[in-house]
Amino acid sequence: MNGVLVVLILVVVIAIVLAVWSSSRASGNRNAASLADAKADARRVIERLGGQVLNLTGNNEASTQALADASERFTAASSQIDQATTAKQAMLAKESAIEGLYYVRAARTAMGMDPGPELETMAGQKSAGAVTEDRKVAFEGREIEASPVPSQRTPNYFPGGQVAGRPVPAGWYSEPWWKTALVAGAWGVGSVLLFDALFSGMGGVDYGASGFENGYGSGFDQGFDQGYDQGLDAGQDTGWGDGGGLGDSGGWGGGDFGGGDFGGGFGDF
């Protein structure tokens, strides 16, 4: 009887092991197929971008700059797809290539050519909106312009989307002022004032400047209040010394507002 029981237990164990192995193998096959499909889809877009970059030459500053940006995206997308080991990574490579195609469209527009077929919408484009009128503002000793069309004064294109977690409208600009945040992964305080001046009240820019203003304001207020209250609760000064408030306990902590964040609206500095 005991021998029969042992045999039954072994059969059950073997059945469980086979079921787990079969499920794992099936899952692996699905993941491999998904990755292969995602890579093929990404390479299709990357190859299209490469063909455009190789066959187009800018004939003015705006188109030359846009094609340079397209070439950068092509290089990035090619590297990303070569290193992709998941479908998600392949999708990111495809998105880099799509962004490059937006720069190609911008270059063709700047050269007076047919921009070509519509492209897939990138993440964050709709929420970022687009420049719909000419604006010129004085900022930190220089003039910054934004326009819906390319010109000698606005040769730098951006297709619209998220940069370091904040929306930047599609349009043509006098300088790529967003690139600092793109490289550093964070915005400077002056961006609040720049966004307000460039986009406040502009139709087509849905969020206006409120995304920056509200985030800056709420983060500042929250950090100040928390630090102030904590300093008072500890029976120390209100934060301008070493003890609490705006020192180490959350107000201006170590140079960061609100313990490192400006709050929900603005993100990290």
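Rules used in this analysis
- Residues numbered from 1 in each chain as written.
- Predicted model: local features only at pLDDT ≥ 70, side-chain atom pairs only at ≥ 80, totals over all residues.
- Heavy atoms only, no water.
- Salt bridge = Lys/Arg side-chain N within 4 Å of Asp/Glu carboxyl O.
- Pairing = 2+ DSSP bridges.
- Helix = DSSP H or I, 4+ residues; strand = E, 2+ residues; numbered from the N terminus.
- Axes fitted to C-alpha atoms, helices over the stretch in contact; angles between N-to-C directions.
- Contact = heavy atoms within 4.5 Å.
- Core = buried A, V, L, I, M, F, W, Y, C linked by side-chain atoms within 4.5 Å.
- Buried < 20%, exposed > 50% of the residue type's maximum accessible area, 1.4 Å probe, protein only.

### Examining the pattern of salt bridges
For side chains of opposite charge, pairing can occur when their charged atoms come near one another. Throughout the structure, instances matching the rule amount to 11 salt bridges. A salt bridge links Glu-145 to Arg-153, with the shortest nitrogen-to-oxygen separation between them at 3.1 Å. A single salt-bridge network, built from bridges that share partners, covers Asp-41, Arg-44, Lys-94 and Glu-120.

### Topic: the sheet that holds strand 1 (residues 135–139)
Taken in spatial order, the four strands of this open sheet run 1-2-6-3, and their pairing is antiparallel. Taken across any chain shown, the strands that pair with only one partner, and hence form the sheet edges, are strand 1 and strand 3 (156–158). The sheet shows a mean angle of 25° between the axes of neighbouring strands, taken without regard to direction. In terms of strand pairing, strand 1 meets strand 2 (residues 142–147) through five bridges, oriented antiparallel. Bridge assignment links Val-137 to a residue of strand 2, and that residue is Ile-144. Lying over the sheet, helix 3 (residues 87–110) contacts strand 3 and strand 6 (171–173), oriented at roughly 140° with respect to strand 3.

### Some details on the nonpolar core
If you look at the biggest cluster of nonpolar residues, it comprises 49 residues, and the most contacted ones within it are Val-168, Tyr-173, Trp-177, Trp-187, Leu-198 and Phe-199. Breaking this core down by element, the ones donating at least two residues are helix 1 (2–55), helix 2 (61–83), helix 3, strand 1, strand 2, strand 3, strand 6 and helix 6 (190–199). A total of 11 residues in this core trace back to one element, the largest contributor, which is helix 3.

### Focus: unusual backbone geometry
If you check the backbone angles, Glu-140 has positive phi at about 50° while not being a glycine. Relative to the helices and strands, Glu-140 is located in the loop between strand 1 and strand 2. Since its relative accessible area comes to 60%, Glu-140 is described here as exposed. Phi at Ala-164 is positive, roughly 50°, even though this residue is not glycine.

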